[in-house]
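Residues per chain are reported as follows:
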Amino acid sequence: MSKRILIIDDEVEFATTLCQRLKLRKFEVEEAHSGNEGLAILKDFVPNIVFLDLKMPDMSGLDVLAEIRSVQPQSKVVMLTGHGSGAAGKQALAMGAVDYLMKPVDFRELIKRVTELTGGQEEKDGNG
Amino acid sequence: MAMDKEAILREQQLNSYGRLMASFSHELKNHLGIIRESGGLIADVIEIHAAGLDPALVSRIEKATASIEKRVVIAAQLFHHLSSFAHRADMPVASFDFNEFCAEAIALSERFARLKQVEILFEPSSVLPALYSSPTLLHHLFLLTFEKCLVQMEGAERLHLVPSAENNGIQLRFIREKSLFLPELFQDRALELVLAKIQGTLSVREKTVEISLMSLQ
């Protein structure tokens, strides 16, 4: 069974491209472009990992994180942050996120986190 | 009293600049993220379909995507320093890691050296105490000193930046390898003002400019 990933980021092009790259590696991926949209998807989709942007216009990433921890505690949340100091990422860890990645995200680093957190193996297919 | 108001105004102005720069830097990182993922997606697709394509074309695209990745990494590092620099203005006085401060100041000023073909060699110290001082004034002092060093240096020279722990404070030395620094070029009103404000001293001895800093009380 393929691992499930949810990407929540208001940068549509970023979320869509990341989604495509993960699908090439046979992950089952959903994307949302706002906090509310992400929480709505979680009603029908239980991801192994959620990649969650820290700063979004409708809800802050930390508010979305708190909600995910409440409704889908089995999903592991990795924050995506552009904050230079990493302070916001550390705050997210204290609130239950399992990790954080700095933007612009290093895809190899992201795949490494997915592999570690799901115990899976990455593999590319030809459906690009 | 008038001076106090002026100082408060300057502080608030710096704080505003810092917030704007941090926000701008954050926004640019988002653009870099999209460029990076788009380049990565092209690389993924080419890798998957390489067998059916002209090898020369594949090679050209692979070089282009590798170049995108390399430049994004360099730009991201610069924005990381810019973002940290911007947040320095959050607090007028703060306790901070001096090695990190130097790395940031060098990254932001390195272009001036590159234009003069001067190579910067930073030698961080593992035993520095935290410094409690004004980060924005220290950046100002660093840039003034750095520029005065560069003015006296010619192409293909190397400038070593060496922080060390000295007498309960920190010393930062700018050391060139070839000629001597001219002390008179460091006699400058702007330098005097900032040194007085942060209670630091500057001395010039042969190939070395030394800045001594103490934590503010």
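About the cut-offs
Residues numbered from 1 in each chain as written. Chains lettered and ligands numbered in written order. Predicted model: local features only at pLDDT ≥ 70, side-chain atom pairs only at ≥ 80, totals over all residues. Heavy atoms only, no water. Helix = DSSP H or I, 4+ residues; strand = E, 2+ residues; numbered from the N terminus. Buried < 20%, exposed > 50% of the residue type's maximum accessible area, 1.4 Å probe, protein only. Contact = heavy atoms within 4.5 Å. Areas by Shrake-Rupley, 256 points an atom, 1.4 Å probe, with all protein chains shown as cover. Pairing = 2+ DSSP bridges. Axes fitted to C-alpha atoms, helices over the stretch in contact; angles between N-to-C directions. Polar contact = N/O pair within 3.5 Å; in protein donor to acceptor, adjacent residues only side chain to side chain. Core = buried A, V, L, I, M, F, W, Y, C linked by side-chain atoms within 4.5 Å. Buried area = accessible area lost by both parts, 1.4 Å probe. Salt bridge = Lys/Arg side-chain N within 4 Å of Asp/Glu carboxyl O.

A. Broad picture of the overall build of chain B. Scanning chain B from terminus to terminus reveals five helices and seven strands. When the elements of chain B are put in sequence order from the N terminus, they spell out α-α-β-α-β-β-α-β-β-α-β-β. C-alpha extents for chain B along the principal axes are approximately 70 × 45 × 30 Å. Taken across its 217 residues, chain B has 39% of its residues classed as buried. Considering only intrachain contacts with a sequence separation of at least 6, the fraction spanning at least 24 residues in chain B is 72%. Carbon and sulfur atoms form 59% of the exposed surface of chain B, whose accessible area is close to 12300 Å².

B. Molecular detail of the sheet that holds strand β2 (residues 119-122) of chain B. Residues and elements named next belong to chain B. Taken in spatial order, the five strands of this open sheet run β2-β4-β5-β7-β6, and their pairing is mixed. Both edges of this open sheet fall to β2 and β6 (201-205), since each of them pairs with a single strand only. Across the sheet, the mean angle from the axis of one strand to that of its neighbour is 20°, orientation sign disregarded. The pairing of strand β4 (residues 158-166) with strand β5 (residues 169-176) spans eight bridges and is antiparallel. Looking across to β5, one finds that Ala165 is bridged to Ile170. Relative to β2, helix α3 (residues 98-115) is tilted by about 175°, and along the sheet it contacts β2, β4, β5 and β7 (208-213).

C. Local environment of the sheet that holds strand β4 (residues 76-81) of chain A. Residue and element names in this part refer to chain A. One open sheet accounts for five strands, arranged β2-β1-β3-β4-β5; its pairing is parallel. The open sheet is flanked by β2 (28-32) and β5 (99-102), the only strands paired with a single partner. When strand polarity is set aside, the average angle formed by the axes of neighbouring strands in this sheet is 20°. Bridge analysis of strand β1 (residues 4-8) against β2 gives five bridges, and the strand direction is parallel. Across the sheet, the residue bridging to Arg4 is Glu28, located in β2. Along the sheet, helix α3 (residues 61-71) makes contact with β1, β3 (49-53) and β4, crossing β3 at roughly 155°. Its contacts with the sheet place helix α4 (residues 87-94) against β4 and β5, and it is angled at close to 165° to β5.

D. Structural view of the side chain of Thr65 of chain B. All names here are of chain B. Residue placement: Thr65 occurs in helix α2 (residues 55-88). Its relative accessible area of 11% is what places Thr65 among the buried residues. Only 3.0 Å separates the side chain of Thr65 from the backbone oxygen of Glu62, close enough to count as a polar contact. Beyond its immediate chain neighbours, meaning those up to four positions away, Thr65 contacts Gly39, Ile42 and Ala43.

E. Here's a closer look at the environment of Val77 of chain A. Here Val77 of chain A lies in strand β4. Apart from the residues lying within four places of it in its own chain, the contact partners of Val77 of chain A are Val50, Leu52, Leu65, Ile68, Ala97, Val98 and Asp99 of chain A.

F. Layout of the nonpolar core. Residues and elements named next belong to chain B. If you look at the biggest cluster of nonpolar residues, it comprises 34 residues, and the most contacted ones within it are Phe98, Leu138, Leu141, Leu159 and Phe174. Looking at which element gives the most residues to this core, the answer is helix α4 (residues 135-151), with seven residues. Here Leu138 is in contact with Phe96, Phe98, Phe101, Leu131, Ser133, Ile198 and Leu213, once residues within four sequence places are set aside.

G. The arrangement of the interface of chain A and chain B in detail. Each partner contributes to the interface: chain A provides 24 residues, whereas chain B provides 22 residues. Buried surface at the junction of chain A and chain B, summed over both partners, amounts to about 2000 Å²; 57% is from carbon and sulfur atoms. Joining chain A to chain B, the criterion identifies four salt bridges. The salt bridge partner of Asp44 of chain B is Arg25 of chain A, with a shortest N-O separation of 2.9 Å. At the junction of chain A with chain B, the criterion picks out eight residue pairs in polar contact (both at pLDDT 80 or more). A per-element tally of the side of chain A that touches chain B places helix α1 (residues 12-24) of chain A first, with seven residues.

H. Region of interest: the pattern of salt bridges. Throughout the structure, instances matching the rule amount to 19 salt bridges over all chains. Where Asp44 of chain B meets Arg21 of chain A, a salt bridge forms, and the shortest distance between an N and an O atom there is 2.8 Å. You can see Asp44 of chain B sitting in helix α1 (residues 2-49) and its partner Arg21 of chain A sitting in helix α1, one on each of two chains. Owing to a relative accessible area of 3%, Asp44 of chain B belongs among the buried residues under this scheme. Residue classification places Arg21 of chain A among the buried positions, given a relative accessible area of 7%. Across the pair Glu6 of chain B and Arg10 of chain B runs a salt bridge whose closest N-O atoms are separated by 3.6 Å. Note that Glu6 of chain B and Arg10 of chain B are positioned in helix α1 at a spacing of four residues, about one turn of the helix. For Glu6 of chain B, a relative accessible area of 35% puts it in the partly exposed group.

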